[in-house]
Amino acid sequence: MKISDTRLQNFRRILTERKLRLTDMADLLGKAPAQVSAFGGKNPTKGIGDQIAREIEKVLNLHNGYLDMPFGLGEFNNATILSHAGRKLPVIGSIAAGAWCETHGSFDPREADEWIDSPGPVGPRAFILRVEGISMEPKFIEGDKIVIDPSLEALPGHFVAAKRVRDEAATLKQLKQEGSELYLYALNPDWPSRIIKLDEEWRICGRARWKISDL
């Protein structure tokens, strides 16, 4: 689906949910009703461009990029765990995943490499990390797609996405415990730094839930 179609669908859905008319939106945006009708009416003559999309989101208190997301992806601030599959999740690399750890409800959908259906129920801020590098071979190879769910508790033995505070990128590792100390563990026996102490320099972004394989 083209982004213009997604924006129009979301715009119309929001009007219905909030019982708003096009004239109400015109007042909120400070535009003439004919201008709003041109992009959001029954027979629109133009698409909702980047600028107007951001203006709509602002006046309706929606996060930046909300209109660009397929229905069901925009409510990152919703703390309720979804109870069904079928949601689409963004596939992102280590740099974008590191940024994701620092965001609170804001994500530019254009940063995603693709959107993939979730294989099962996930929390509102779940995403798919594309594995980079060889530190987790042979269980995880470069290019594997791993569903990361920040809403799940990460316990020793689980695989997690973690980020060093001073770095931009996130990394996939196994969480280990020795006594009262927690560590991030690389599976590859040839990896030079297989064990990293989990201290204030590191932050867990979420627990790995599923591996998605391409055939």
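Predicted, not measured: the structure shown is a model, and the values here were computed from it. (Residues numbered from 1 in each chain as written. Predicted model: local features only at pLDDT ≥ 70, side-chain atom pairs only at ≥ 80, totals over all residues. Heavy atoms only, no water.)

**Digging into the overall build of the protein chain**
Right, on to step 1. The secondary structure content of the protein chain amounts to five helices and nine strands.
Right, on to step 2. Written out in order from the N terminus, the α and β elements of the protein chain read α-α-α-α-β-α-β-β-β-β-β-β-β-β.
Right, on to step 3. In the protein chain, which comprises 215 residues, the proportion classed as buried is 42%.
Right, on to step 4. Within the protein chain, contacts between residues separated by at least 24 positions form 61% of all contacts whose residues are at least 6 apart in sequence.
Right, on to step 5. When the accessible surface of the protein chain is summed, it comes to about 11600 Å², and 51% of that surface belongs to carbon and sulfur atoms. (Helix = DSSP H or I, 4+ residues; strand = E, 2+ residues; numbered from the N terminus. Buried < 20%, exposed > 50% of the residue type's maximum accessible area, 1.4 Å probe, protein only. Contact = heavy atoms within 4.5 Å. Areas by Shrake-Rupley, 256 points an atom, 1.4 Å probe, with all protein chains shown as cover.)

**So, the packing of helix α2 (residues 22-29) against helix α3 (residues 33-40)**
For any two helices packed against each other, the geometry is given by the interaxial angle and the distance between the axes.
Right, on to step 1. Two elements in contact, α2 and α3, have axes whose closest approach is 8 Å; the angle formed by their N-to-C orientations is 115°. The handedness of the crossing between α2 and α3 comes out as right-handed. Touching L22, T23, M25, A26 and L29 of α2 are P33, V36, S37, F39 and G40, all from α3.
Right, on to step 2. Looking at side-chain class alone, the contact of α2 with α3 contains seven nonpolar, three polar and no charged residues. (Axes fitted to C-alpha atoms, helices over the stretch in contact; angles between N-to-C directions. Left-handed = near helix turned anticlockwise from the far one by under 90°. Nonpolar A, V, L, I, M, F, W, Y, C, P; charged D, E, K, R; others polar.)

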